[in-house]
Amino acid sequence: MSLFKWIDFPALGDERGFLVALEAEESVPFAIKRVYYIFGTREGEARGFHAHKKLQQVAICITGKCRMILDDGEERSEARLDSPTKGLVIGDLVWREMHDFSEDCVLLVLASEHYDESDYIRDYDEFKNQVKL
Ligand code: TYD
């Protein structure tokens, strides 16, 4: 599986402004079990630093911007989230770090599973060992 992919959500616009609709198993490629959002991130703070054993997520920067580093154990790449019409799809076993949050950043995340701490790999060496298996 590739490191990540983008979904372009159509912005339904008229003279009043814009609206984006997210539909589970339609524009979002899984049944959504959880939604969370990150906001008010202090300047210079980074988040994430983990991978998931079994979790699909779509991250959308509703307002503001941030930078995500994604790593599958072999390759590292960067994704810039800065648009409410672009969803970043992140699958299993991808190490993610979030950096450079703008003050106004609201990062919305749709997840395929409920929160489960046992699904997290929070140690990078452990992650590297898991992807080698
Ligand atoms: P954490 O995993 O540290 O966030 P990030 O990956 O953005 O650095 O999560 C912060 C806290 O929120 C931690 O105590 C776990 C909790 N949490 C939930 O209770 N439910 C959730 O869906 C998420 C994502 C986190």
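Below is a short write-up of the structure.

Quick notes on the rules
- Positions within a chain are numbered from 1, following the residues in the order the chain's sequence is written.
- Given that this is a predicted model, residues contribute local features only at a pLDDT of at least 70 and side-chain atom pairs are listed and counted only at 80 or more, while totals for whole chains, interfaces and linings are drawn from all residues.
- Just so you know, side-chain values use all the structure's heavy atoms and leave hydrogens and water out.
- To qualify as a helix, a DSSP run of H or I must reach at least 4 residues; to qualify as a strand, a run of E must reach at least 2; elements of each kind are numbered from the N terminus.
- Only heavy atoms enter the contact rule, under which two residues are in contact if any of them lie within 4.5 Å.
- We call a residue near a molecule or strand as soon as one heavy atom of that residue lies within 4 Å of the molecule or strand.
- Polar contacts, as counted here, are pairs of nitrogen or oxygen atoms within 3.5 Å of one another; within protein the pair requires one atom able to donate a hydrogen and one able to accept it, and residues that are adjacent in sequence qualify only if both atoms are side-chain atoms.
- Surface exposure here means Shrake-Rupley accessible area, sampled with a 1.4 Å probe, where a residue is shielded only by the protein chains that are shown.
- Throughout this entry, Asp, Glu, Lys and Arg are counted as charged residues, while Ala, Val, Leu, Ile, Met, Phe, Trp, Tyr, Cys and Pro are counted as nonpolar. The remaining residues, Gly among them, count as polar.
- For the purposes of this section, nonpolar cores are sets of buried Ala, Val, Leu, Ile, Met, Phe, Trp, Tyr and Cys residues that join through side-chain atoms within 4.5 Å.
- Accessibility here uses a 1.4 Å probe with only protein chains present; expressed as a share of the type maximum, an area under 20% marks a residue as buried, one over 50% as exposed, and anything in between as partly exposed.
- Whether two strands pair comes down to DSSP finding at least two bridges between them.

To continue, consider the side chain of T41. Its location among the elements puts T41 in the loop between β4 (34–39) and β5 (47–52). Once you skip the residues sitting within four places of it in the chain, T41 turns out to touch R47 and F101.

Attention shifts here to the site of the ligand. What surrounds the ligand is the set R34, Y36, I38, R47, G48, H50, M98, Y115, Y120 and R122. R34 places a polar side-chain atom, nitrogen or oxygen, 2.5 Å from an oxygen atom of the ligand. R122 has a polar side-chain atom sitting 3.0 Å from an oxygen atom of the ligand. About the coverage of the ligand: the protein hides 59% of its 540 Å² of free accessible area. Every element with two or more residues in the shell around the ligand is listed here: β4 and β5. Looking at side-chain class alone, the shell around the ligand contains 5 nonpolar, 2 polar and 3 charged residues.

Turning next to the nonpolar core. M68, L70, L81, L88, F101 and L107 are the most contacted members of the largest nonpolar core, which has 18 residues in total. Broken down by secondary-structure element, the contributors of at least two residues to this core are β6 (57–63), β7 (66–71), β8 (76–81), β9 (86–90) and β11 (106–111). For this core, the element with the highest residue contribution is β7, accounting for 3 residues. Every residue in contact with L88, bar those within four places of it in the chain, is listed here: F4, K5, W6, Q57, V58, A59, M68, L70, A79 and L81. Among the nonpolar cores identified, the runner-up in size contains 9 residues, and F9, F30, I60 and L110 belong to it.

Taken in spatial order, the 5 strands make up an open sheet running β8-β7-β10-β5-β12, and their pairing is antiparallel. Strand pairing shows two members of the sheet lacking a second neighbour, β8 and β12 (120–121), which therefore form its edges. Note: β7 against strand β10 (residues 95–99), 5 bridges, orientation antiparallel. Considered in β10, the bridge of R67 is made with H99.

Distances and angles like these do not, on their own, reveal function.
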